Amino acid sequence: MIIKKQTALRGELSIPGDKSISHRAVMFGSLARGTTRISRFLEGADCLSTISCFQKMGISIERSDREILVHGKGLHGLAAPADCLDVGNSGTTTRLISGILAGQNFVSELNGDASIQSRPMKRIITPLTAMGADIVSLKGNGCAPLRIAGRPLHAIHYNSPVASAQVKSCVLLAGLYADGITSVTEPVLSRNHTELMLNYFGAQVESSGTTASIHPEPLLEGRDIQVPGDISSAAYFLGAGILTPGSEILLKNVGINPTRDGILRVLKDMGADITLMNEKHDGEPVADLLVRSGALHGTEIGGEIIPALIDELPMLAVIAAFAEGTTVIRDAAELRVKESDRIEVMVENLKKMGADIEGTPDGMVIRGGRPLHGAVIDPRLDHRAAMSFAVAGTVCDGDLDIRDAECVTISYPDFYKDLYRLGSR
Ligand code: S3P
């Protein structure tokens, strides 16, 4: 994909559905009794992996252009899959489904692509094993493929060493099948979509500070869910709108849950012109975001805000390269175990474009303001790296050539179409 420099991006964009919320709607709808109707479901490859896993366990899921219907069979209604569950590239599918599978009365195996086979699964194997689950990494390296033999589970209190919504959700979902109240404490609060949505389906989940607790064996009932636009997808258009001179973009219906809105807080701190409009609350808080171009200055990003913008750090690294002054990102070692090592990918490719950037064990130091030029970018099949560089390509001098650019289908199949639609106005 060749990205060319753009002048003024203008117009309105309806941001595709939130990936985290789309996954959970299918999973919890499958475990509920009756039909769950999901509108604005994200048809990205990751969420389609979740659908296919539950279909393999006997759940009927209908897809149309406008909505997804999940015909749930209750907490104990899943059937043993005939073969291995394919989680594709999706860490969320892998870690959340493992919590569910641990409490079933059948054996299952799950596996995915090369990236999934190198991502750490010990972080879920440890708490699930403490609950009495039988879960093994088949290659003995703490990664997928995983084999899970369902068993009766014990309630635990788990002190998670990482702030990870995937770990927290995995343990809470196993807690649906435990013999008492299961709770998880994390070092910093991560996204809370599982807690909010499980309660909406009828579970009893309590949150206090960084601890979430769940009561076992609730009666979950099918629900209607409107998936908000994904702030992680909106991030690319916030970046494009800020960096491309003369731009004004209205991003419609974006989820602004406080456990996800770190990018808005950081961009405002850097001097960005972003206005929130039409704020409303429909299970999750949403708003329209109006972004206008303007010069930014460097900042420090670290500490408690990190989980609230972890997936937006690749885009923030690109924005920082165009901002005046130094930006320091720290406390973000988790970036090294995402779909790719995102510190390495961003540093290596931004350097090719002429940026002054260095990686640290848990972040990056970016001395912004140097003119960037076109280069051949290898996003290492990481959707978020590819989209962040596409935005860099709309502002740098000369053509930017992104290899394996189609990897954006993981979370945003129409990304390039949307980017060029705004540019052609
Ligand atoms: C996600 C949680 C985050 C995030 C990922 C989606 C989720 O991962 O990076 O893209 O849906 O729960 P961790 O929980 O591992 O930090």
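In the block above lies the structure referred to throughout.
Keep in mind the model is a prediction, meaning the values are calculated, not measured.

A. Expanded view of the side chain of Asp401. Structurally, Asp401 is set in strand 23 (residues 400–402). For Asp401, a relative accessible area of 19% puts it in the buried group. In terms of polar contacts, Asp401 uses its side chain to reach the side chain of Arg403, at 3.1 Å. Asp401 has contacts with Met1, Ile2, Ala375, Val376 and Ile377, leaving out every residue within four places of it along the chain.

B. Focus on the nonpolar core. The biggest cluster of nonpolar side chains holds 77 residues, and the ones touching the most others in it are Leu267, Leu350 and Phe415. When residues in this core are grouped by element, the largest group, 9 residues, is from helix 7 (residues 231–243). In this structure, Leu350 is in contact with Ala317, Val318, Ala321, Ala355, Ile357, Leu372 and Phe389, ignoring residues within four places of it in sequence.

C. Examining the sheet that holds strand 20 (residues 356–360) more closely. Spatial ordering of the open sheet is given by 18-19-21-20, a layout of 4 strands whose pairing is mixed. Whereas interior strands pair on both sides, the edge strands pair on one side only; in this sheet they are strand 18 (300–301) and strand 20. Relative to strand 21 (residues 363–368), strand 19 (residues 325–329) runs antiparallel, the two being bridged by 5 bridges. Opposite Ile329, over in strand 21, you have Met364 as the bridge partner.

D. Broad picture of the pattern of salt bridges. If you walk through the whole model with that rule in mind, you get 30 salt bridges. Its salt-bridge partner being Glu339, residue Arg119 comes within 3.9 Å of it at the nearest N-O pair. Linking Arg119 in the loop between strand 7 (107–112) and helix 4 (122–130) with Glu339 in the loop between strand 19 and helix 10 (342–352), this pair joins segments that are 220 residues apart in sequence. Neither Arg119 nor Glu339 differs from the other in exposure class; each is buried. One network of salt bridges, in which partners are shared, links Arg119, Arg191, Asp311, Glu339, Arg342 and Asp382.

Basis of the calculations
- Residues numbered from 1 in each chain as written.
- Predicted model: local features only at pLDDT ≥ 70, side-chain atom pairs only at ≥ 80, totals over all residues.
- Heavy atoms only, no water.
- Helix = DSSP H or I, 4+ residues; strand = E, 2+ residues; numbered from the N terminus.
- Buried < 20%, exposed > 50% of the residue type's maximum accessible area, 1.4 Å probe, protein only.
- Polar contact = N/O pair within 3.5 Å; in protein donor to acceptor, adjacent residues only side chain to side chain.
- Contact = heavy atoms within 4.5 Å.
- Core = buried A, V, L, I, M, F, W, Y, C linked by side-chain atoms within 4.5 Å.
- Pairing = 2+ DSSP bridges.
- Salt bridge = Lys/Arg side-chain N within 4 Å of Asp/Glu carboxyl O.

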